[in-house]
Amino acid sequence: MNFGVWGVVSLVVYLVALVGVAEIAKRAKQDHSPTDHFLAGRSLGSFVLFLTLYATAYSGNSLLGYPGRAYRDGYSFVMATGFMMSIVVVFHLLVPKLRPLAVHYQFVTPGDYLRVRFGGRWARELRGAIGVLMSLALANFLLAQLKAMGDVAHLVTGGRIPYELGVVGLALVILFYETRGGMRAVAWTDAAQGIAMLIGLSALLAWLLAESGGLEAITLAVAERAPDKVAVPSRTVAVNWFSTIILMGTASVLYPQAIQRIFAAESGRALKRSFAGMTFMPLATTLVVTLIGVASIARFDITDAVDTDGVVPMLLADWGAAGGFATAAALVVFLGALSAIMSTADSCLLSLGSLLSRDLLGREGSDEAATLLGKRLAAGILLATIPFALARDLTLWRLIELKMELLIQCVPAFLIALHWSRLKTGPVLLGVLVGTAFSVTMTFSDHARIGGVHIGVIGCLLNSALAVLGSLLVSDSDEGTTSGAAVAAQR
Amino acid sequence: MRRSLCLAVIVVLYVASVPWYREAGEAPGYWLGLPDWVAVSVLCYVAVAVLNAIAWLSTEVPDELDAEALAAAEKRGDR
């Protein structure tokens, strides 16, 4: 497919529209406080909140990485629909307890919760450890988006924009509109990007089904070409399926950008309505991309794992080759994919800025200087991540897993702490350090899974056991004070 | 009560969605255009989505700490 000039024109129009949204968002700002910049003044209603949650949750990983994994694994990757849905289920443990605390104590970042929840001598160290884990996970996520942006920009313009220029150019556009418009610009562009993604994916699946003779014909073709990809999966895969649901479900609710959307909602009612809608989106998105990946098994012969992330672009190339309407429709899908990627990248960047300035550097003020520091740190991180994005030796799926193994170590500090007032600072810090050290060491010694169970899940169990047992053994006088917020959260 | 029931059934559906009870490597039958074990998983996830939506709409998400909780917090002292 050669989109050529039309691809370049569409891309330019799309980027100009994003810049326009940023300017409108900038004018809507009420002040220069971190709350207004990073949380849109806590004004997001149900509709925008739903779309921004959707666009942020479904990213370059979902649109390029997931079909690639489905291509490699076959129908067993239907597990992805389950684990994406499990995220919305696990939010039940977080939202009803965290939301009233967030409003009462005016939280801006996840570290603000830790500040009021955990006291005593190790509180600062715990906030630092959690801040580092979350920042690393976000930087990892940002890196995956930058890689995907480069690929899509290259493809959408028929090769006129090289991968490297796509990464750098689009990163700078994101930096511009995120810095100008803050959370408002991010949420508003997310809303438009979410709609584009949904339309694009639906159109691609409809074409694929029509062109292949329906779902049954696709399944039979895959069964003939690769019988193992439709057969009942092994016991190890079944164990990994459960493990992935636990890993993704629990870790994903601790994405700082997801937590910040709980803070940014205009009301608890808006939040619950958004989550009620979000629970259906894995069926409309993850299941669709899984079917796209599986259908590709019968169409393409790809041997290199890294190249399997390109199955969606290859399908679009087939579609667009017909010319006329098909090329225009494939172009829309490409822009939808780019939208999904950029909407996740901008949310990561916004969260990183606030996380680094407030949680790691301790700039907790509500003045313009604190906001400016967050913007500058986000810019620094983005520029530092770009060189890594230019190296292309990891599959997107592996990047997702590495990030989740870090994030899941934050479970005791949030999910257990919100529900159990006796959880104490020192044991939680010990658990985080041991769980993280275990997970990282095992991952880098090529033991990413044991019997199909992710090493991050085992690390989290070890981490949680240390936090709970330690809290039962440590007396209040050894630990220092317990925050009033810990008590309030239990009511 | 309705929320708790929905969440309990969701857990059961998750256990049923994974084909651990089938013989590994077995050639599947086909249903709804999908291998039968995939169709079961998808139907489980559709049911999870419906029940989870009901659970969310039944969930109370307060915007403020209630008075009793606030008093308890102040008594212990906040940072």
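Residues numbered from 1 in each chain as written. Chains lettered and ligands numbered in written order. Predicted model: local features only at pLDDT ≥ 70, side-chain atom pairs only at ≥ 80, totals over all residues. Heavy atoms only, no water.

K.L.:
Sorry if this is basic, but what is going on with the packing of aromatic side chains here?
P.N.:
By convention here, two paired aromatic rings are described through the distance between centres and the angle between planes. Residues and elements named next belong to chain A. Counted according to the given criterion, the structure contains 16 aromatic pairs over all chains. Ring centres of Tyr54 and Tyr58 lie 5.1 Å apart, and the angle between their planes is 50°; on these two criteria the pair is classed as tilted. The pair formed by Tyr54 and Tyr58 is uniform in burial state, with each residue classed as buried. Ring geometry for Phe77 versus Phe83: centroids 6.4 Å apart, planes at 75°, classification edge-to-face. Residue Phe83 is classed as buried on the basis of its relative accessible area of 0%. An aromatic cluster is built from Tyr105, Phe107, Tyr113, Phe263 and Phe414, whose rings are joined through pairwise contacts. Across the ring face of Phe118, the terminal group of Arg117 is positioned such that the distance to the ring centre comes to 4.7 Å. (Phe/Tyr/Trp six-rings, centres within 6.5 Å; stacked < 30°, edge-to-face > 60°. Buried < 20%, exposed > 50% of the residue type's maximum accessible area, 1.4 Å probe, protein only. Lys NZ or Arg CZ within 6 Å of the ring centre and 35° of its normal.)

K.L.:
Would you explain the state of the cysteines in this entry?
P.N.:
Covalent bonding between the sulfur atoms of two cysteines defines a disulfide. Scanning all chains against the criterion turns up zero disulfides over all chains. With no disulfide of its own, A:Cys348 has A:Cys410 as its nearest cysteine by sulfur position, at a separation of 15 Å. (Disulfide = S-S within 2.5 Å.)

K.L.:
Help me understand the confidence of the model for chain B in this model?
P.N.:
For residues with low pLDDT, the predicted coordinates do not support detailed interpretation. Residue and element names in this part refer to chain B. Of the residues in chain B, 89% reach a pLDDT of 70 or more, and the chain-wide mean stands at 89. Here helix α3 (residues 67-76) stands out as the least confident element of chain B, with mean pLDDT 66; helix α2 (residues 36-57) is the most confident, with 97. If you check the scores for this complex, the pTM reads 0.87 and the ipTM reads 0.92. (pLDDT = per-residue confidence, 0-100. Helix = DSSP H or I, 4+ residues; strand = E, 2+ residues; numbered from the N terminus.)

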